[in-house]
Amino acid sequence: MPRLILGIFLLLTALLLAGCNGSRETDEIAYITAVGIDSAPEGKIKVSYRIAQPAALAGEAGKGGGGGRTTEVLGIVAPSLAIARDELGASVARVPNLAHIKAIVIGEDLARQGLGDSLGPLMRFREFRGSMFILVAKGTTAEQVLRQNKPIIEKLPSRFVEGMMENASVTGGYHMQTFFHHFYLRLKAAGGAPIATLIGVNPLTEEDQPSAGPTSPEKSYEYLPEKLPRTAGNPATLLGVAIFYHGSMVGVLTDEETRMLSILVNEFERGFITIEDPLEPSRGINVLMRPGSSPRIDTAFVDGRAVVRIHILMEGEVTSIGSGINYEDGEYRTLLENQISQLFELEMTQMLRHTQEVNADVANLSKYFRPHFARYQDFRSIDWDNLYSQMDIQVEVETKIRRFGLMRNTAPLRGKE
Amino acid sequence: MEETLFSKIGVFLNRMLVFQPPKLPSRFVLEEKSRNDSPSQAEDPLKKALAELEALIRYGRRLQATLEKTRAALQGNRWDDERKVLRAEYTALEKQRQELNPLVLAYDVQTDNAGERPVSTSLTENRRLVEALYRLPVNKDLIVRDLTIGTAPPLKAMLIYLEGLTDGKIVGLMILQPLMLLSQGKRKATGDALIRQVMEELLPGNQVQPVGNFQDIQDRVNSGDTVVFLDGAAEALVVETKGWEHRGVGRPAIEQSIRGSQAAFAENLRVNTGLIRTMLRSSDLVTEMVPVGTRSRVNCAIMYLESVANADLVAEVKRRVSGFSTDYVDDSGFLEQFIEDKFILPLPQSLSTERPDRVASHLSEGRVAIITEGSPFALVVPVTFFTFFHSAEDFSLNPIAANFLRLLRVLGTFISIMLPALYIAITYFHQEALPTELALAIAGAREDVPFPAIFEVIMMELSFELIREAGVRIPGVLGSTIGIVGAIILGQAAVSAHIVSPIIVILVAITGLASSIIPEYRMALFARLSRFALLLLATFTGLVGLASGVLTIVVGLCSMKSYGVPYMAPIGPKVVPTLDVVVRGSAERRERRPDSLNTKDPTRQPYVSREWARKLPTGEEEK
Amino acid sequence: MSFHPGRMGMAEGIGLTFLVTFPRIFLTTPAISVDAVKNLAWATPLIAFAADLAVFYMLFYAQARLRGDLFSQCEQCFGRPVAWLVAIFYAAVFMLDATLLLRQFAENTLLTALPYADFRFVIIWYAFFVVILVYFGIEGLARASYLMLPWIIFSIFLVLALAAPFYDPYNLLPWQGAGVGEAAKRGLLLAGLNIGGVLLPILGPQFQTVKTQKVAFVLGAGGSTVVRSVMVAGFILAFGVAEAGEKTLPFFELSRLVYLSRYIQRIEATFIIIWVIVGILSIAINIYMALYLIARPLKLPSLRPLVPVMAMIVVNMAILPPDVMTVAQIDSMLLTTLFNFGIVVVPLALFLAVLIRRKRRRLRCHA
C-alpha cells in the first residue's frame, strides 16, 4: 500500500511538472475587458483590445486608489479575430484571456458592411459568451470608442459599460441592454432583426445637433450619442440603437425611438416625458411614465396579409405642471391622459414605420405569428424576410395617470386667476 | 457433473489463472433480524409455571435443610444451644411458606416487571431477583455482599450497592463493621421487630429506612445507596452511602459546552463507569469487564443498556475487544485501532468523548461504550458520519438555535475542506468565474509575489498548522498567546514582505477557523488532511480535480461501515430517518431511536410526549 | 469483498438507475434531438421512457415469476449458452457505454474546463478515478449516487432558473416542431438511452423484491427522464430551435448564458463539478456492471483484479475514434441500434418464455 501511494504521488508530480494540465498563474494572464472591431483595408479587420492592468487596480488602502491607468488599448490588424488574438501575443508577454470581455464594440463602417463573417467564430470559442454586450460605435471607429471611454467614477471602463447596460431600463430607456446572445439568436432565427446599442464619442462641446425635432406634443428633441449637447465627463455616450438587416447595419434609432422600442419589448421600467400642456401649449408638464402591463400583441393573417394589433397600457405620475392648471381633476386629467396616449401612439407608429422601411423587425413582432403554425415546416415556408415590411400594424396606447406626486391639488399661482 | 479431461483442465486453468482472494470471514453487518430474536419472557406460560415450581422446590430444599439441622441438634444433644437459631429459622420458613401461598405466588410470577415485586423473606429469592434485575453476573457494577450479623443467634444478611456510586469507606465503616463486628447481643426473631432492631441498634448510618419493594430498591441503589437484605424480613434497609460527588471530577478540557453537564471523565475506570451511572440511572445498564493486554492486564469496561442495545452488536464488540492480543494497551485511542475495521480513509469509526453526558445519551439510543482503564476518553460505537457534527449541548438548546449552529458547522466543514482547493482551481483554470473586479484584484495583489499561488497556499497552510500544533505543545497560557501573536505577525509580515498576497492570508485564516468548528478532533483532522489532498488535485485539473476528489471521498464514506452500521446512515443507505441527522427536531419529536442501530426497543417516547399539554391545569375543574 | 454486491434497497436502485440514464444530458444528444424534432424535442425523452416502461413491465412480470437474477433466469428459460450470450451482450453494452461516455466526457472537459490540457492526461485522469470508485464496490457507488441525486437535480434546476431571463416562450412554438410522428420516431430510437435500467434485473436479488426494482426504475429512470425533458425545454426556450441545434454542449451553453447581475454571471465553472461527478459516477457504474457480467457466469471469486485491466481496455477503446464528430456519430448509432436491441429483445424474450411456460403448465394441469 505505501508503495502504491508513493507511486501514484510520483506519477501525479510528474504530470504536474510536465505542465500538460494547462494551468495558468494569475500573473501569466492578460485580462481583456473589451474588444473593438473595425474594418481595415483588404478585407482585414482591425481588432482593438482593452487590457486591464491588475497592478494599478490593486492599490492598497491609503495609497490613493492605485493611481496610474487601469487599462490600455492595443490595436491589431488581422484577417480574423482568432489570428488577432494570437498576434496580441507578439506584444504582450502574457496569455490573453477573453473570458472577462464585457463588451464587443463594432465600428460603424464594419457594421454597415456586414458582420456575419466576423461574428460567427465568436460563438464557437469558449471564452466568448452570449452574455457579452454588443455595441456599435456611431460615427467613429470602435478603437476610438475604446480609447475615449474614460469613466469618471468607475475605475474600469468595462464597469462603466456594464453599469450603463444594467441601468438602461430604469434611466429612461434611451438605450437598451443588447446581449450578444439575442443579437446572434436573431441573426439565425426566422423573423426579428438584430439590434445593438449605439456608443459614440461626444465632443463635449455642448453643440446642439438634434437628429429630429420634437414630435408634437412632446417637447424634447431626438438625439444620437455623438450629437447630444453635453459638457465634461466621459466622452463615451450610450444612446439609441443600431438596427440590422441580415447582419448588416441598415440604420439607427434615436433615443426617443429606442424608448418606444423598449416599451414595445417590455424592457422599459420608467422614464420622464415632457409634454405640452394641453390647454397652454407653451408650457410643459413632466410625467414619470411606467408600463401598466406588458404590451398585448394580437396577430392575425387577413387575406394573406399579416396584421398586428398592439395595445399598450402606460401609467403616469405627474411630477410638475408648469401652468398650474388643475390636472388632478377628473375632466382635465382625461385631457392630459389623451394627450400622452396620442403622443405615444404617434411616436410608436413613427418608429415602426421607420423600421419597416428598412425591413428590420426590431421588436420581433414576427414571433407572435408562431402560434398560427403547428409544424416547423409550415412555419418555415413563410417568407419571413419580407413579412415585416408588409405588416399592417395598429398601435393603441391607453394612459392612466395614477399619481400626482406629493401634491394632491394645484392651487393657482398668484395673479394668474 | 462428471469429471472429464476437459473439466479437469478447466479446473486446473481456473486455479492457475483466477485470483483467489484469501478466505476471510465476511464483514460484520448489523442485521435487522435480531430484533425479533428476543421473545419476551412474559409470553411464555410454561416459563412462568417453571418459575413457580422452582420457587417451591427451593422452599422445599430449605425446609429439608432445616429439618436435617434440627435432627442433628436433637441427636447431638445440643438442643438448648441451637434452640434459638432453629426457632428463628422456622419463623423465617413460616413466612416464606406464606409467600408461597399459590395465589400470592401466582401473582408475583405473573408480574412481568420484576421491579414491582415486594421484597421476599427469603434471602435466596431476593438474591435471584437482584441478579435478574442487574444482569448479574455479566454486569460488574453491582456488588452483592453476603454476610452474617454476629448477633445471637447469628442472622444471615446480604447487601448490594453499585460500584462507583457509593463511598466504600462509608459502606465499610457504617454498615459492614457494625453489622459484623460490633453486633453482639440477642436479636429478635420476627420480621418487623427484627428490622426495627437492626435499624435502631445496629446500623449507625445517618439515613436508614426500610423499603418494601424492588422498585424503590432499584431507585435507591441506582442513586448510590446501599441496600441491606435480612433473612426472614419482608423489608430491606436502605443506607445512605452516596459517594461519587466527592471524587475529583474535572471539567471537560476539549469538548467544552455552554450548556449541559460540565463533568469530564477521569483516569480511574470505576469513577468513569460511576459517572455514566450517575447520568443514566437504569438497572439494566450493564458494565462488563474485559481485561486486555498480555503483559499488563488493563481492564476495559463495555457498557450498554441491556433492554435497548442490539445483542449482536454487543456480542461483536465483546468479540473484538477480547479477540486481539498485544502486550500493553495504554489508551482508548490505541485500543480503538485494534478493534475497528480497516479502511482506507482515515476517518474515526467511533466517537471518542470525555463527556459522561454524551456517553449516556448515546447509550440510551442503543449504542455501546468502551472505556479503557487509565484513559479519560470513552469510545462510543457504532457511529455515523453525522454524529461528529453534533455537539453535547445541541439538545439543550431551542431547535431553531441549535440548527443554526449545526448548519454553521456543516458550512464550516465545507469551507475547511474545499476553500483553498476552490481558490486554486479558480485562479489556475477558471479565471472567468470571478467577477471582473475580484479577478483583477487577486491578480493585482499577486503581481508582486514571486511564487506560484499553490506554493503560497501550501506555505501558509503549513505555517498555520505549525502555529496550531505549537499552540497545543507550548505549555500553559503561553500556548494560545503565541498562537495568536504568531498568526498575526506572521501573516502581516509575509504580506508586507511580498511573500504571500493578502487574500491568501484571509483564505488560510478562514479555513483554519472553519476547521476548528468541527466538534470532533479526529474528524477535524480528516478535514485538514483531505484539504491538502483536494488542494493537490485542484492544482492538477482545477474544478475537475476537485470534483473527482470530492466524489472519491463521498463514495468512500458511503462504502464505509462503523461496527456493522453504514457510515452515512440514515441517508446512504436510506433508512427511516430520525430528526437528528443534519438538523434536529424538537425534543418532543424524538419518538424513535436511530433505525440503523436495530435496537431491541425502537421507540424512545410516545407520539404524545407532552401529556400535560392535553390535561387541564391544576385547579381548573372539568366542566 | 467478492463480486457479490451487497444489500441495496429502493434508494440505491433509484440512484443507480438515475445516474446511469442521466449523463447524456451533458453531452450532444439533446442538441441532436432538437435538430431532428425541432420545437417538440422536449417530448422525446418522455416518449422514450414510455416505451421503456412498457418493455420493463414485461421484464418485471417475468422477474416476479422466475427465481434469481437475470442471468439465472435466462439459464432457466433458454439454457446456459443463451444465458452466457446474454451476459456477454450486456457486458459489451455496458462496456461500450463506459467507453463512449469516457471519451465524450474527456472531450467535454477539454472543450470547456481545461482548454489547455493534454487529451491523454484528461482521459487517464478520469480512468484513474473510475478505477478507484469501482474498487469501492457497487454498494458505495449506489449510495453515493443516491446521496448526489438531490445536488445534481438541484444544480440542473438552478441553471434553468438562473437562465430564465433569457427565456422566450415563443421559442417553443410552433408546438409540433417537426411533427408528432417525427418526435415519436426519435423518441423510440432514443429508447436505448435507458438501457442502464437493466442493471436492476441483472443485480436482481440484491434489490430484495421485484417491487423494489419496479419502483426504482420508475422513479430513477423516470426522474432522470423528467429532468432531461425539462432541460431540453429550457434549452429550446433560451436558444430557439435554430441556434439550439447548432450547439455541441447544451448544458454548458445554458450555464454560460447566465447573466443575472454583475456578480451572478459566468458561472459555468461551478457546474463543472456537477457534470464531472455525474460523468465519473456513471462511467464507474457502467464498468462495474460490465465486470459483474463477466464475473457472474465465470463464477469468479473477486472482480477487483480485473478493474485496472478493464479500465485500460476502455481507455484504449475510447482513444480509437479519430475525432469528436465520429464519436458523436458512433454514440447515436449505438444508441439507436445496439442499445435499443438490448432494451427490447431480452426482456421481450423472457416475457414470452414465461407466458409460454405458464400456458403449458396450465394445459398440463387441465390434462
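Only a predicted model underlies this, so the values are computations on that prediction, with no experimental measurement involved.

Draft legend 1. Just the overall build of chain A, in detail. For chain A, the helix and strand inventory stands at twelve helices and 14 strands. Taken along the three principal axes of its C-alpha coordinates, chain A extends 95 × 65 × 55 Å.

Draft legend 2. Quick look at the overall build of chain C. Assigned secondary structure in chain C consists of 14 helices and zero strands. Counting from the amino terminus, chain C carries its helices and strands in the arrangement α-α-α-α-α-α-α-α-α-α-α-α-α-α. The C-alpha radius of gyration computed for chain C amounts to 21 Å, which stays within 12% of the reference 21 Å derived for 367 residues, consistent with globular compactness. Each of the three principal axes of chain C carries a C-alpha extent, and together these read 75 × 45 × 35 Å. Put simply, chain C has 367 residues, and 60% of those count as buried. Summarising the internal contacts of chain C: among those between residues at least 6 apart in sequence, 86% fall at separations of at least 24.

Draft legend 3. Inspection of helix H16 (residues 476-496) of chain B at higher detail. Residues and elements named next belong to chain B. The terminal C-alpha atoms of H16 lie 31 Å apart, and with 21 residues this matches the ideal 30 Å at 1.5 Å per residue to within 8%. The buried count for H16 comes to two of 21 residues, which makes it a mostly uncovered element. At the C-terminal side of H16, His 498 shows a positive phi close to 60°.

Draft legend 4. Geometry of the confidence of the model for chain A. In the predicted model, chain A carries a mean pLDDT of 84, and 94% of its residues have values of at least 70. Low pLDDT (under 50) marks residues 61-67 of chain A, which in the prediction has eight contacts with non-local residues, meaning those over four places away or in another chain.

Draft legend 5. The arrangement of the interface of chain C and chain A in detail. Counting from both sides, the interface comprises 30 residues of chain C and, opposite them, 25 residues of chain A. Elements supplying a minimum of two residues to the side of chain C that touches chain A: helix H5 (80-112), helix H10 (210-244) and helix H11 (250-257) of chain C. With five residues, the single largest contributor to the side of chain C that touches chain A is H10 of chain C. Residues that form the side of chain C that touches chain A fall into these classes: 17 nonpolar, seven polar and six charged.

Draft legend 6. Broad picture of unusual backbone geometry. All names here are of chain B. Look at the link from Leu 136 to Pro 137: it is a cis peptide, with omega at 0°. Examined against the element boundaries, Pro 137 turns out to sit in the loop between helix H5 (123-133) and strand E1 (142-149). The linkage connecting Ala 569 with the following residue, Pro 570, adopts the cis geometry, with an omega of 5°. Take Pro 570: it is sitting in the segment after strand E12 (565-566). Despite not being glycine, Asn 598 has its phi angle at roughly 45°, a positive value. By the element assignment, Asn 598 lies in the segment after E12. With 23 C-beta atoms packed within 10 Å, Asn 598 lands in the buried category.

Draft legend 7. Structural detail: the packing of helix H7 (residues 138-162) of chain C against H10 of chain C. Residues and elements named next belong to chain C. In contact at an axis separation of 10 Å, H7 and H10 are set at 20° when each is read in the N-to-C sense. Relative to H10, the element H7 lies roughly parallel. Seen from above, H7 lies across H10 with left-handed handedness. Listed contacts from H10 to Ile 153, Ile 156 and Leu 160 of H7 are Val 227, Val 230, Met 231 and Gly 234.

Draft legend 8. Region of the structure containing the sheet that holds strand E6 (residues 285-292) of chain B. All names here are of chain B. An order of E6-E7-E9-E10-E8 is seen for the five strands of this open sheet, with the pairing classed as antiparallel. Among the strands making up the open sheet, the edge pair consists of E6 and strand E8 (351-353). In this sheet, adjacent strand axes meet at a mean angle of 25° when their direction is disregarded. In the sheet, strand E7 (residues 298-305) pairs with strand E9 (residues 368-372) via four bridges, with the strands oriented antiparallel. Following the sheet pairing, Ala 301 is matched in E9 by Ile 371.

Draft legend 9. Fine view of the interface of chain B and chain C. Facing the 29 residues of chain B at the interface are 38 residues of chain C. A class-by-class count of the residues in the side of chain B that touches chain C yields 18 nonpolar, nine polar and two charged.

Draft legend 10. Layout of the domain arrangement of chain A. All names here are of chain A. Taken domain by domain, chain A holds domain 1 (26-266) and domain 2 (270-417). Between domain 1 and domain 2, the C-alpha centre-to-centre distance is 29 Å. If you tally residues by element for the side of domain 1 that touches domain 2, the top one is helix H9 (residues 255-264), at seven residues. Its residues placed into classes, the side of domain 1 that touches domain 2 shows 15 nonpolar, nine polar and six charged.

Draft legend 11. Examining helix H1 (residues 10-21) of chain C more closely. Residue and element names in this part refer to chain C. The end-to-end C-alpha distance of H1, which contains twelve residues, comes to 16 Å, matching closely the 16 Å that a straight helix rising 1.5 Å per residue would cover. With twelve of twelve residues buried, H1 is to be regarded as a mostly interior element. Taken together, the buried positions of H1 are Met 10, Ala 11, Glu 12, Gly 13, Ile 14, Gly 15, Leu 16, Thr 17, Phe 18, Leu 19, Val 20 and Thr 21. Each element contacted by the buried residues of H1 is listed here: H7, helix H9 (199-203), H10 and helix H12 (268-298).

Draft legend 12. Structural context of the sheet that holds strand E5 (residues 236-239) of chain B. All names here are of chain B. Read from one edge of the open sheet, five strands run E1-E2-E4-E5-E3, paired in antiparallel fashion. Here the strands that pair on one side only, and so sit at the sheet edges, are E1 and strand E3 (208-211). In this sheet, adjacent strand axes meet at a mean angle of 25° when their direction is disregarded. Pairing geometry for strand E2 (residues 155-162) and strand E4 (residues 226-230), over four bridges, is antiparallel. Paired with Met 158 across the strands is Phe 229, a residue of E4. Most of the contacts of helix H6 (residues 168-180) go to E1, to which it runs at about 30°, and overall it touches E1, E2, E4 and E5.

Each value, and the rule that gives it
- Residues numbered from 1 in each chain as written.
- Chains lettered and ligands numbered in written order.
- Predicted model: local features only at pLDDT ≥ 70, side-chain atom pairs only at ≥ 80, totals over all residues.
- Helix = DSSP H or I, 4+ residues; strand = E, 2+ residues; numbered from the N terminus.
- Rg over C-alpha atoms; globule rule 2.2 N^0.38 Å.
- Buried ≥ 20, exposed ≤ 12 C-beta atoms within 10 Å, placed from the backbone.
- Contact = placed C-beta atoms within 7 Å.
- Expected span 1.5 Å × (residues − 1).
- pLDDT = per-residue confidence, 0-100.
- Nonpolar A, V, L, I, M, F, W, Y, C, P; charged D, E, K, R; others polar.
- Axes fitted to C-alpha atoms, helices over the stretch in contact; angles between N-to-C directions.
- Parallel < 35°, antiparallel > 145°, perpendicular 65-115°, else oblique.
- Left-handed = near helix turned anticlockwise from the far one by under 90°.
- Pairing = 2+ DSSP bridges.
- Domains from an automatic or database assignment.

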